[in-house]
Amino acid sequence: MNSERAMHILKENGFKQTKQREKLLDIFQKRSQYSAVTDLWKEFREDFPSASYDTVYRNLYTMAELGILEMTTIDGDKHFRFHCNIEGHHHHFICKQCGITKAIDVCPIADVQTVLPGGYTIENHNFEVYGICPACQ
């Protein structure tokens with residue numbers, strides 16, 4: 001994902017191009033790791049000092065719902081990043097300190113299906129592994 005593609009998706013879904021949305025997209029363009037909402041808000045407020053936390057949070061959730069951003073929870077806090085450009089089915093290792101991610105090509109869903117009793121249909125899943133990357137150790 002990049003800022004240009006993200007803005008196109010927003011426009012396709014009836015959202016206007018605003019300076020605030022451009023700023024959020026620029027922030028994500030510079031980052032490859034997951035970032036906490038509070039960190040994003042602090043950087044956002046450098047250009048928009050009167051902006052509310054709720055405004056930033058609502059925009060982040062909208063972008064996540066549209067598939068522009070990926071969202072995860074680390075130690076109880078929501079973290080966001082641009083949707084990764086990796087094709088195909090994959091999962092992530094996420095560093096709890098720096099937020100960097102690494103794709104994991106192994107999927108445990110087949111094991112889960114074998115332990116579920118009959119009658120259950122899995123429609124979607126998400127598998128994330130949290131820990132500390134080599135650079136943060």
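One numbering rule holds for all chains: residues counted from 1, following each sequence as written. Whole-chain, interface and lining totals are the exception, using all residues; otherwise, since this is a predicted model, local features are given only for residues with pLDDT of at least 70 and side-chain atom pairs are given and counted only at 80 or more. Here the side-chain values reflect all heavy atoms present in the structure, with hydrogen atoms and water set aside.

Draft legend 1. Just the UniProt feature "binding site: Fe cation" (unreviewed entry) in the protein chain, in detail. UniProt positions are given in the numbering used here, feature names are shortened, and annotations may be inferred rather than shown by experiment. Here the UniProt-annotated "binding site: Fe cation" (unreviewed entry) positions come out as His89 and His125. Taking the annotated residues in turn, His89 and His125 line the largest pocket. Following the sequence through the fold, His125 ends up in the loop between α5 (109–115) and β6 (128–131). Here's how the labels work: a residue is buried when its accessible area is under 20% of the maximum for its type, exposed when over 50%, partly exposed in between, all with a 1.4 Å probe on protein chains only. Judged by its relative accessible area of 27%, His125 is partly exposed. Cavity and pocket criteria rest on a 1 Å grid covering protein atoms alone: a 1.4 Å probe that fits but cannot get out defines a cavity, protein on both sides within 12 Å along at least 5 of 7 lines defines an open pocket, and an atom within 4 Å of a point defines a lining residue. Each helix corresponds to a stretch of at least 4 residues labelled H or I by DSSP, and each strand to a stretch of at least 2 residues labelled E; elements are numbered beginning at the N terminus.

Draft legend 2. Here's a closer look at unusual backbone geometry. With phi around 50°, Asp75 is a residue other than glycine that occupies positive phi space. By the secondary structure assignment, Asp75 is in the loop between β2 (69–74) and β3 (77–82). A relative accessible area of 61% places Asp75 in the exposed class.

Draft legend 3. Just the sheet that holds β3, in detail. Strands pair, by our definition, only if DSSP identifies at least two bridges between them. If you walk across this open sheet you meet the three strands as β1-β3-β2, and the pairing is antiparallel. Two strands in the sheet have a free side with no partner beyond their single neighbour: β1 (35–36) and β2. Relative to β3, β2 runs antiparallel, the two sharing six bridges. Bridge pairing in β3 places Glu70 opposite Arg81.

Draft legend 4. Local environment of the layout of surface pockets. Grid points are joined across faces, edges and corners, and a volume is the space filled by probe spheres set on the points. By volume, the largest pocket amounts to about 260 Å³. Around the largest pocket sit 13 residues that line it, and Glu70, His83, His92, Asn126 and Glu128 are the ones nearest its centre. Put simply, the parts of the chain that give the lining of the largest pocket at least two residues each are β2 and β4 (91–95). Looking at the lining of the largest pocket residue by residue, the classes come out as four nonpolar, seven polar and two charged. An automatic or database domain assignment provides the domain bounds reported here. Residue-level mapping places the lining of the largest pocket at the junction of two domains, with at least three residues from each of domain 1 (3–82) and domain 2 (91–131). Under the scheme applied, nonpolar residues are Ala, Val, Leu, Ile, Met, Phe, Trp, Tyr, Cys and Pro; charged residues are Asp, Glu, Lys and Arg; polar residues are all the others, including Gly.

Draft legend 5. Representation of the UniProt feature "binding site: Zn(2+)" (unreviewed entry) in the protein chain in the model. In this numbering, the UniProt entry assigns the feature "binding site: Zn(2+)" (unreviewed entry) to Cys95, Cys98, Cys133 and Cys136. For the residues just named, distributed over 42 residues, the greatest C-alpha separation is only 8.2 Å, placing them together at one site. Contacts are assigned to residue pairs that have any heavy atoms within 4.5 Å of one another. Discounting chain neighbours no more than four positions away, the residues touching Cys95 are Ile74, Ile100, Gly131, Ile132, Cys133 and Cys136. With respect to the helices, strands and loops of the structure, Cys98 is situated in the loop between β4 and β5 (101–104). The exposure class assigned to Cys98 is partly exposed, which follows from its relative accessible area of 30%. Here Cys98 is in contact with Gln33, Tyr34, Cys133 and Cys136, once residues within four sequence places are set aside.

Draft legend 6. Representation of the domain arrangement of the protein chain in the model. Under the domain assignment, the protein chain is made up of domain 1 (3–82) and domain 2 (91–131). The centre of domain 1, based on its C-alpha atoms, is set 24 Å off from the matching centre of domain 2. Each side of the interface is counted separately: domain 1 has nine residues, and domain 2 has 10 residues. Here's the idea: put two parts together, see how much 1.4 Å probe accessible area each one loses, and the total over both is what we call buried area. Between domain 1 and domain 2 the total buried area reaches about 700 Å² when both faces are included, carbon and sulfur atoms providing 50% of it. Its salt-bridge partner being Lys96, residue Asp75 comes within 3.2 Å of it at the nearest N-O pair. Just to be clear on terms, a salt bridge is a Lys or Arg side-chain nitrogen sitting within 4 Å of an Asp or Glu carboxyl oxygen.

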